[in-house]
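# Report on the structure
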Amino acid sequence: MRFHVLTLFPDMIVNGMHTSITGRAIERGLIGLNTVDIRNYADNKHMRVDDYPYGGGAGMVMQAEPVYRAFEAVKEHISHPVRVVYLTPQGRVFNQEMAGELAGEEELVFLCGHYEGIDERVLEEIVTDPVSIGDYVLTGGELPAMVMMDAISRLVPGVLHNEESAVGESFQGYLLEYPQYSRPAVWREKAVPEVLLSGHHANVERWRREQSVLRTAKWRPDLLENAELTPKEREMLN
Ligand code: SAM
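Residues numbered from 1 in each chain as written. Predicted model: local features only at pLDDT ≥ 70, side-chain atom pairs only at ≥ 80, totals over all residues. Heavy atoms only, no water.

Scanning the chain for helices and strands turns up eight helices and nine strands. For 238 residues, the compact-globule formula gives about 18 Å, and the C-alpha radius of gyration of the chain, at 22 Å, lies well above that figure. For the chain, the C-alpha atoms occupy an extent of roughly 70 × 40 × 40 Å along the three principal directions. A total of 238 residues make up the chain; the buried ones form 41% of that total. When contacts within the chain are restricted to residue pairs at least 6 apart in sequence, those whose partners lie at least 24 apart make up 72%. Treating the 23 positive side-chain charges of the chain as one cloud and the 36 negative ones as another, the clouds have centres 7 Å apart. (Helix = DSSP H or I, 4+ residues; strand = E, 2+ residues; numbered from the N terminus. Rg over C-alpha atoms; globule rule 2.2 N^0.38 Å. Buried < 20%, exposed > 50% of the residue type's maximum accessible area, 1.4 Å probe, protein only. Contact = heavy atoms within 4.5 Å. Lys, Arg positive; Asp, Glu negative; His and termini not counted. Charge placed at Lys NZ, Arg CZ, Asp CG, Glu CD.)

Spelled out as C-alpha cells, the structure:
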C-alpha cells in the first residue's frame with residue numbers, strides 16, 4: 001500500500017505517520033508514504049495558493065490550479081486509475097468497513113483541504129471519494145487523512161504483530177470488543193474476572209462473546225441492528 005498525501009502541511013503528516021506502528025511499517029516497506037506540498041505548485045512568486053471566495057463570505061478558498069498540478073505530479077508515477085479521497089466534513093462518514101475496502105487498494109491519494117475548503121471545480125475533476133471522519137468541523141484535512149491512513153495501515157498484512165492482531169476487534173460483526181485486563185490480577189481491590197484466570201479456553205471465549213454483546217448494547221446499541229445474535233443472546237438483552 002502506498003499513500004500519497006496532497007497537503008499544505010506535509011510535516012504534520014510525516015511526523016504523525018513516522019511514529020509507532022505506522023512508522024515501523026514505513027521503515028519495513030509495508031506501507032509507502034509520499035507527501036506532496038501543494039504550495040510547491042503555486043503559480044505566483046509569493047507561493048500563494050488561496051484566494052477570496054467568489055460571492056463573498058468569510059475565509060479563504062484553496063485555488064484549483066495548484067491542487068490540480070500537485071495531483072498531476074502524483075499521477076505521473078501511478079500507471080492505473082487511482083482512488084482520490086477528499087477529506088471533507090460533507091463526505092460519507094469513515095468506518096471500519098470502508099477501512100477494509102480501501103486497504104485492498106495498491107495506492108491511495110488523499111487530498112487535504114484547509115481554510116474554507118477547495119475550489120469545487122478541481123474537486124469535480126479529480127475526487128472519487130469524499131470522506132468525513134465525523135460530524136464536526138476541523139481546521140484541515142491532515143488529521144482526518146492520518147486517521148484514515150492509520151486505520152487502513154492496521155489492515156495491511158504484516159503491519160500488526162500477532163499480539164496486536166486486528167481479528168476480533170471492535171466493529172467486526174457490528175459488535176464492540178470485550179473488556180481487556182492485564183497484570184496485576186488484583187488492582188486496588190479490583191480483581192480480574194475469574195474466568196480469565198481459569199485457563200479454560202472455551203469458557204473464556206463464551207465470557208468474551210457475552211461481554212461483547214452486553215457492552216455493545218450499553219455503549220453502541222445502534223450497532224446491534226446489524227449484528228448477528230443468537231436467540232439466546234437476544235433473550236439475554238431483553
Ligand atoms: N467550509 C467547509 C464546510 O463547511 O464544509 C469546512 C472547511 S474545514 C474548516 C477545512 C478543511 O478541513 C476541509 O476542506 C477538510 O479537508 C478538513 N475537514 C474539516 N473537518 C473535517 C471532517 N470532519 N472530516 C474530514 N475532513 C475535515
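Attention shifts here to the sheet that holds strand 1 (residues 2-7). Spatially, the five strands line up as an open sheet ordered 2-1-6-5-7, and their pairing is parallel. Whereas interior strands pair on both sides, the edge strands pair on one side only; in this sheet they are strand 2 (32-37) and strand 7 (129-132). The mean inter-strand angle of the sheet, taken between neighbouring strand axes irrespective of direction, is 30 degrees. Taken together, the five bridges between strand 5 (residues 83-93) and strand 6 (residues 107-112) define a ladder with parallel strand orientation. Along strand 6, the bridge assignment pairs Y86 with L111. Strands strand 1, strand 2, strand 5 and strand 6 of the sheet are contacted by helix 3 (residues 64-75), whose axis makes an angle of about 160 degrees with strand 1. (Pairing = 2+ DSSP bridges. Axes fitted to C-alpha atoms, helices over the stretch in contact; angles between N-to-C directions.)

Let us now look at the environment of M236. Locating M236 in the fold gives a position in helix 8 (residues 231-237). Overall, M236 belongs to the partly exposed group, its relative accessible area being 33%. M236 sits 22 residues away from L214 along the chain, and the two C-alpha atoms are 8.7 Å apart. With residues up to four places along the chain from it excluded, the contact list for M236 reads E210, V213 and L214.

Summarising the element assignment, H4 is placed in strand 1. According to the relative accessible area criterion, H4 is buried, its value standing at 2%. Residues contacting H4, with those up to four places away along its chain left out, are N34, V74, I78, E107, L108, V109 and F110.

Another point: the environment of K190. Looking at the element boundaries, K190 is found in strand 9 (residues 190-191). A residue is classified by how much of its surface remains accessible, and K190, at 58% relative accessible area, is exposed. As for K190 and P53, which are separated by 137 residues in sequence, their C-alpha atoms are 58 Å apart.

Turning our eyes to something else, we now look at the domain arrangement of the chain. For the chain, the domain assignment lists domain 1 (2-153) and domain 2 (172-237). Using only C-alpha atoms to locate each centre, domain 1 and domain 2 end up separated by 38 Å. (Domains from an automatic or database assignment.)

Over its 12 residues, helix 3 extends 16 Å from the first C-alpha to the last, a length consistent with the 16 Å expected when each residue adds 1.5 Å. When helix 3 is considered as a whole, its buried residues turn out to be A64, P66, V67, A70, F71, A73 and V74. Contacts from the buried residues of helix 3 go to strand 1, strand 2, strand 4 (61-62), strand 5, strand 6 and helix 5 (120-126). (Expected span 1.5 Å × (residues − 1).)

This model, assessed by the stated rule, comprises one aromatic pair. Measuring from centroid to centroid gives 5.9 Å for F3 and F110, while their planes differ by 55 degrees, and the two rings are tilted. Separated by 107 residues along the polypeptide, F3 in strand 1 and F110 in strand 6 bring together distant segments of the chain. Comparing F3 with F110 shows no difference in burial state: the two are buried. (Phe/Tyr/Trp six-rings, centres within 6.5 Å; stacked < 30°, edge-to-face > 60°.)

A separate point is the pattern of salt bridges. Tallied over the full model, the rule gives 12 salt bridges. A salt bridge links D119 to R121; the nearest nitrogen and oxygen atoms lie 2.7 Å apart. What makes D119 buried here is its relative accessible area of 17%. A relative accessible area of 54% places R121 in the exposed class. Here R154 makes a salt bridge to E169, at a shortest N to O gap of 2.9 Å. Of this pair, R154 sits in the loop between helix 6 (142-153) and strand 8 (186-187) while E169 sits in the loop between helix 6 and strand 8, and the two are 15 residues apart along the sequence. With a relative accessible area of 25%, R154 lands in the partly exposed category. Each of R83, E101, E105 and D129 takes part in salt bridges that share partners, so that together they form one network. (Salt bridge = Lys/Arg side-chain N within 4 Å of Asp/Glu carboxyl O.)

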